[in-house]
Amino acid sequence: TGYVITEEAGLTCVDLHSVGGQMTDASYWKDVRFTDADDWCMEAWLRVVDDGTEPNYGLACFVRSDHGRTVALYLSETQVGINSRKPPHDHRTLKAIAANTTDAFHWYRMVHTGGEEGVVTVAVDGESVLSIPYSDLFRRTDTGQNVVFGPNAADCEGRMRVARYGFRVGRTDPIFGPVQ
């Protein structure tokens, strides 16, 4: 529930909308096996429509290995950030910058290199804007749902549009490149 295929700015996209009163869940996840030693890349063309009512993680794209570090690309209407989850459910935005995420689709990249002692970097439209040591991220205590994207679930509101989304392990070169 919670999604519609639509078109915007010449792009076919998915309009993901979690509606709190209806308890819809418009987030999507996939089990992907990797470890904290692996390099990986998450890339998406996204536009925030409404950052909703979840105060701690808003709209997010999570990447988390089984029993490993948890990191998310955090988006609100006015910020792009790096979020991590301290078990059991304490989501914290560790770094953020001011950004307009509602004006158009933007090309977001979150990349991990260097293993456990490495770094996670976030780029917006090809410009590196944030980085954090991988060791500063919280370690998760569970497994599964390793790659997740979408708006808030449960009793919260949130809405985003996704024109492209990709994740891969072992390579960090661009998947899609800039929005076209």
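You'll find the structure just up there.
Read on for a plain summary of the structure. Note that the structure is predicted; figures quoted are calculated from it, not measured.

Turning to the state of the cysteines, a few remarks are in order. Applying the stated criterion to the full structure yields 0 disulfides. Here Cys13 stays free of any disulfide, with the sulfur of Cys61 as its closest cysteine sulfur at 14 Å. Just so you know, Cys61 is unpaired, no disulfide at all, and the nearest cysteine sulfur is the one on Cys41, 12 Å from it. Classification of Cys61 as buried rests on a relative accessible area of 0%.

It is worth spelling out the pattern of salt bridges at this point. Under the defined criterion, the tally for this structure stands at 14 salt bridges. Its salt-bridge partner being Arg47, residue Glu8 comes within 2.6 Å of it at the nearest N-O pair. Residue Glu8 is located in strand β1 (residues 3-8), and its partner Arg47 is located in strand β4 (residues 40-50); the two are separated by 39 residues in the primary sequence. Glu8 gets classed as buried once you look at its relative accessible area, which sits at 17%. A salt bridge links Arg139 to Glu116; the shortest N-O distance between them is 3.4 Å. Taken together, the positions of Arg139 in the loop between β11 (127-133) and β12 (147-150) and Glu116 in the loop between β9 (106-113) and β10 (119-124) put the pair 23 residues apart, joining distant regions of the chain. Judged by its relative accessible area of 35%, Glu116 is partly exposed. Taken together, the salt bridges that share partners define one network made up of Glu8, Asp15, Arg47, Arg159 and Arg161.

Conventions and cut-offs
- Residues numbered from 1 in each chain as written.
- Predicted model: local features only at pLDDT ≥ 70, side-chain atom pairs only at ≥ 80, totals over all residues.
- Heavy atoms only, no water.
- Disulfide = S-S within 2.5 Å.
- Buried < 20%, exposed > 50% of the residue type's maximum accessible area, 1.4 Å probe, protein only.
- Salt bridge = Lys/Arg side-chain N within 4 Å of Asp/Glu carboxyl O.
- Helix = DSSP H or I, 4+ residues; strand = E, 2+ residues; numbered from the N terminus.

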